Amino acid sequence: MRPPLRLKLGALELFVLNDGDIWLDGGSTFGVVPRVVWTRLTEPDEQNRIRLSMNPLLARVAGQWVLVETGIDRKPGPKHRELYKLGDENPLLAQLAALGVAPEDISWVINTHLHFDHAGLNTRWQGGRLLPTFPNARYVVQRQELEEATHPHERSRASYLPENIGPVLEAGLFEAVEGETELLRGLRLVPVPGHTLGMQAVELESEGQRLAFTADLIPTLMQTPLPYIMAFDLYPMTTLETRKRTYARWLEGDYLLVFTHEPGHPLGKLVVGDKGYRAEPANP
Ligand SMILES: [Zn+2]
């Protein structure tokens with residue numbers, strides 16, 4: 001497990017946390033990219049799975065703790081953990097504790113979308129009941145995502161586990177937003193539809209420095225090229241359009257990117273070469 005990576009973005013203090021690894025089918029992860037090509041980038045295990053990570057972001061903004069994504073759901077049990085080669089425990093809470101941040105201290109949880117590998121610690125078992133992990137937080141999500149997650153269809157159902165959504169709804173902690181939203185000064189939520197229609201990225205800005213948390217628009221650095229779109233995306237052509245529009249802005253604004261599933265160094269910047277867009281590892 002990677003220890004928290006501490007960053008300064010202008011006057012803001014940020015930590016790229018790590019909630020351990022997930023092993024996903026390599027073919028599904030690379031979509032239309034052939035195996036002979038993607039195996040040059042990453043090595044599959046004996047079951048054709050490749051190693052990815054979960055990298056939630058913790059930020060101190062306007063005197064409040066903001067947590068972007070809550071890691072992966074390990075609650076469904078041993079079969080689920082075996083399928084994705086997960087450990088038994090979420091390292092996320094221990095990482096927060098090591099930084100002196102208790103679950104009660106979090107004021108805002110931003111759910112980029114509600115898939116189980118991004119919203120897994122939205123809830124946890126406490127005293128025999130499944131309850132919101134961050135009881136004093138507002139959980140911010142696009143209204144469309146909440147709608148899709150609570151009315152999944154056959155192709156999205158396996159990703160939206162009710163246990164990560166229901167208890168937060170019951171506690172009245174979801175804050176549904178619509179479209180681009182300035183949540184706090186210097187923190188903007190930006191719709192990036194495609195993987196799901198209601199997915200949002202998070203942009204931070206301070207003293208002229210900019211950072212974007214990519215959500216599943218760019219899961220890892222190696223998936224940055226425009227056609228490298230996951231088979232998991234519900235609307236791949238929408239992903240392509242969103243990528244073109246968003247990449248242009250992130251390149252122009254010199255954004256530092258935090259890749260939500262990057263298994264190695266989770267930061268990069270966009271560059272354009274003769275083969276189109278790619279990302280290079282970067283530091284602030
Ligand atoms: Zn994901």
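Look above for the structure.
Residues numbered from 1 in each chain as written. Predicted model: local features only at pLDDT ≥ 70, side-chain atom pairs only at ≥ 80, totals over all residues. Heavy atoms only, no water.

Novice: Lay out the overall build of the protein with the relevant residues and their values.
Specialist: Scanning the protein from N- to C-terminus turns up seven helices and 18 strands. In terms of C-alpha radius of gyration, the protein reaches 18 Å, essentially the compact-globule figure of 19 Å for 284 residues. Summarising its shape, the C-alpha atoms of the protein cover approximately 55 × 45 × 35 Å along the three principal directions. Sequence-distant contacts in the protein: of pairs separated by 6 or more residues, those separated by 24 or more amount to 67%. Here the protein displays about 12,200 Å² of accessible surface, and carbon together with sulfur accounts for 52% of that area. Separation of charge centres in the protein, based on 29 positive and 36 negative side chains, amounts to 2 Å. (Helix = DSSP H or I, 4+ residues; strand = E, 2+ residues; numbered from the N terminus. Rg over C-alpha atoms; globule rule 2.2 N^0.38 Å. Contact = heavy atoms within 4.5 Å. Areas by Shrake-Rupley, 256 points an atom, 1.4 Å probe, with all protein chains shown as cover. Lys, Arg positive; Asp, Glu negative; His and termini not counted. Charge placed at Lys NZ, Arg CZ, Asp CG, Glu CD.)

Novice: Got a sec to walk through the packing of aromatic side chains? Specific residues and values, please.
Specialist: This model, assessed by the stated rule, comprises six aromatic pairs. Relative to Y228, the ring of F30 lies with its centre 6.2 Å away and its plane at 80°, an arrangement referred to as edge-to-face. With F30 in helix α1 (residues 26–30) and Y228 in the loop between β15 (209–213) and α7 (236–252), the pair connects residues that are 198 residues apart, well separated along the chain. Through successive ring pairs, a cluster of aromatic residues spans F30, W38 and Y228. (Phe/Tyr/Trp six-rings, centres within 6.5 Å; stacked < 30°, edge-to-face > 60°.)

Novice: Requested: an account of the coordination of the zinc ion, with residues and values cited.
Specialist: Metal coordination angles have textbook ideals: 109.5 degrees for a tetrahedral set of four donors and 90 or 180 degrees for an octahedral set of six. Coordination of the zinc ion by the protein comes from D117 (OD), H118 (NE2), D216 (OD) and H261 (NE2), over a distance range of 1.9 to 2.6 Å. For the zinc ion, the four donor atoms are set out with angles of 82 to 157° between them, so the coordination reads as irregular. A residue is classified by how much of its surface remains accessible, and D216, at 3% relative accessible area, is buried. (Donors = N, O, S within 2.8 Å, 3.2 Å for Na, K, Ca; no water. Tetrahedral: all angles 85-135°; square planar, octahedral: opposite > 155°, others 65-115°. Buried < 20%, exposed > 50% of the residue type's maximum accessible area, 1.4 Å probe, protein only.)

Novice: Which residues make up the environment of N164, and what values do they have?
Specialist: Counting through the fold element by element, N164 comes out in the loop between α5 (143–150) and α6 (166–170). The class for N164 is buried, based on a relative accessible area of 0%. When the C-alpha positions of N164 and P132 are compared, they lie 8.4 Å apart, and in sequence the two are 32 residues distant. Aside from chain neighbours lying at most four places away, what touches N164 is D73, K75, F116, A119, G120, N122 and T123. A distance of 3.1 Å separates the side chain of N164 from the side chain of D73, its partner in a polar contact. Reaching out from N164, the side chain makes a polar contact with the side chain of K75 at a distance of 3.0 Å. (Polar contact = N/O pair within 3.5 Å; in protein donor to acceptor, adjacent residues only side chain to side chain.)

Novice: Mind laying out the sheet that holds strand β14 (residues 200–206), listing which residues take part and the relevant values?
Specialist: Each strand in a sheet pairs with another by means of backbone hydrogen bonds, the pair being arranged parallel or else antiparallel. The seven strands are arranged β12-β13-β14-β15-β16-β17-β18 in an open sheet whose pairing can be described as mixed. Single-partner strands in this sheet number two, and they are β12 (181–184) and β18 (276–281). Across the sheet, the axes of successive neighbouring strands diverge by a mean angle of 35°, strand direction being ignored. With three bridges joining them, β15 and strand β16 (residues 256–258) adopt parallel strand pairing. Looking at β16, one finds that A212 is bridged to L257. Along the sheet, α7 contacts β13 (187–191), β14, β15, β16, β17 (267–273) and β18; its crossing angle with β17, the most-contacted strand, is approximately 105°. (Pairing = 2+ DSSP bridges. Axes fitted to C-alpha atoms, helices over the stretch in contact; angles between N-to-C directions.)

Novice: Tell me about the nonpolar core, and please be specific about residues and values.
Specialist: The biggest cluster of nonpolar side chains holds 26 residues, and the ones touching the most others in it are L14, L187, L204 and L211. W65, V109, A137 and A149 belong to the second largest nonpolar core, which has 24 residues in total. (Core = buried A, V, L, I, M, F, W, Y, C linked by side-chain atoms within 4.5 Å.)

Novice: Account for the sheet that holds strand β1 (residues 5–9), with residues named and values stated.
Specialist: Strand order in the open sheet formed by seven strands is β1-β2-β5-β6-β7-β10-β11, with mixed pairing between adjacent strands. On the outer flanks of this sheet lie β1 and β11 (174–177), each paired with one strand and no other. Going from strand to strand, the sheet's axes swing by 25° on average, the running direction of each strand aside. Packed onto the sheet, α5 meets β10 (138–142) and β11 and runs at close to 90° relative to β10.

Novice: Let's hear about unusual backbone geometry: which residues, and what values?
Specialist: Even without being glycine, N48 reaches a positive phi, approximately 65°. For N48, the location among the structural elements is in the loop between α2 (35–38) and β4 (49–53). Backbone geometry places E207, a non-glycine residue, at a positive phi of 50°. Position of E207 among the secondary structure elements: in the loop between β14 and β15.

The quantities given are spatial measurements derived from coordinates; they are silent on function.
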